[in-house]
Amino acid sequence: NTRPVLYFLPQKESKEIYNVGKILIGLEGSLANAIQVAKASILYPNKSLNILVTAKPGSGTTHFVYAMYLFGKDAGIFQADKPLYKINCRHYKDNAEKLNDILFKPDDMEKSLFGLARGGMLFIDNVDLLDSTGKSKLSSFLESGIIFGDINGQSLDCNKTFLTVSCGPNGFAELSRKIPMIIKLPSLASRPIKEKIALNRKFHQK
């Protein structure tokens, strides 16, 4: 019941580590630190810690987040029947109102992405493209675990929604003050040649 908390991750090989390793290249290389942060966040005692992933375009953010989801599901942190809910804010850059409605659905919050993802994982890609209304609602969630509706006093407890958001290297300063765990993925160009070759082979697999 106090902070800070000191805890250790199991060092032995496990089914969860194996499953993540099957889809990620660089498990013990360029992604080693990112994976340790992700595991520590998901397995944090009592409640998983929300994550901010920052990376250049083409760095494999979505693939990495999917691996996080598999790890959390295999570890029993996420409910078995909960899919990974994902939304890319870039697809709604000209329709912020629709984006906010999908995310928060203030008239029926149970059907919002935050509501549907309770017990599972929600991934918001390019989160820095949210408008002021969306950022305000997101900030409220990060502070309280609750989303609020249009009717005064109406709210929905989403503390069981594990949130991962992503943005470019220059867009995370504001969010970093509210999200405790930050993962910086290496760019494709900066990864070791051995990993580049392995990635190239994987991309061309039938």
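Quick notes on the rules
- Residues numbered from 1 in each chain as written.
- Predicted model: local features only at pLDDT ≥ 70, side-chain atom pairs only at ≥ 80, totals over all residues.
- Heavy atoms only, no water.
- Pairing = 2+ DSSP bridges.
- Helix = DSSP H or I, 4+ residues; strand = E, 2+ residues; numbered from the N terminus.
- Axes fitted to C-alpha atoms, helices over the stretch in contact; angles between N-to-C directions.
- Contact = heavy atoms within 4.5 Å.
- Parallel < 35°, antiparallel > 145°, perpendicular 65-115°, else oblique.
- Left-handed = near helix turned anticlockwise from the far one by under 90°.
- Nonpolar A, V, L, I, M, F, W, Y, C, P; charged D, E, K, R; others polar.

*Asks:* Explain the sheet that holds strand β6 (residues 162-167) to me, using residue names and the numbers behind them.
*Replies:* Strand order in this open sheet of 5 strands is β2-β3-β6-β1-β7, and the pairing throughout is parallel. Both outer strands of the open sheet, β2 (84-88) and β7 (181-184), are each paired with one neighbouring strand and no more. Between one strand and the next, the sheet's axes are offset by a mean angle of 20°, whatever the strand orientation. Here 4 bridges tie strand β1 (residues 51-54) to β7, and the two strands are oriented parallel to one another. The residue bridging isoleucine 51 from the neighbouring strand is methionine 181, located in β7. Packing against the sheet, helix α3 (residues 61-74) makes contact with β1, β2, β3 (121-125), β6 and β7, and its axis sits at approximately 170° to β3.

*Asks:* How would you sum up the packing of helix α2 (residues 32-42) against α3? Please name residues and give values.
*Replies:* Where α2 contacts α3, the axes come no closer than 10 Å and their chain directions differ by 40°. Classed by the angle they form, the pair α2 and α3 counts as oblique. Taken as a pair, α2 and α3 cross one another with a handedness that is right-handed. Between α2 and α3, the residues in contact are Ala34, Ile35, Ala38, Lys39 and Ile42 and Phe64, Met68, Phe71 and Gly72, respectively. Of the residues contributing to the contact of α2 with α3, the split by class is 7 nonpolar, 1 polar and 1 charged.

All we've got here are geometric facts, nothing functional implied.
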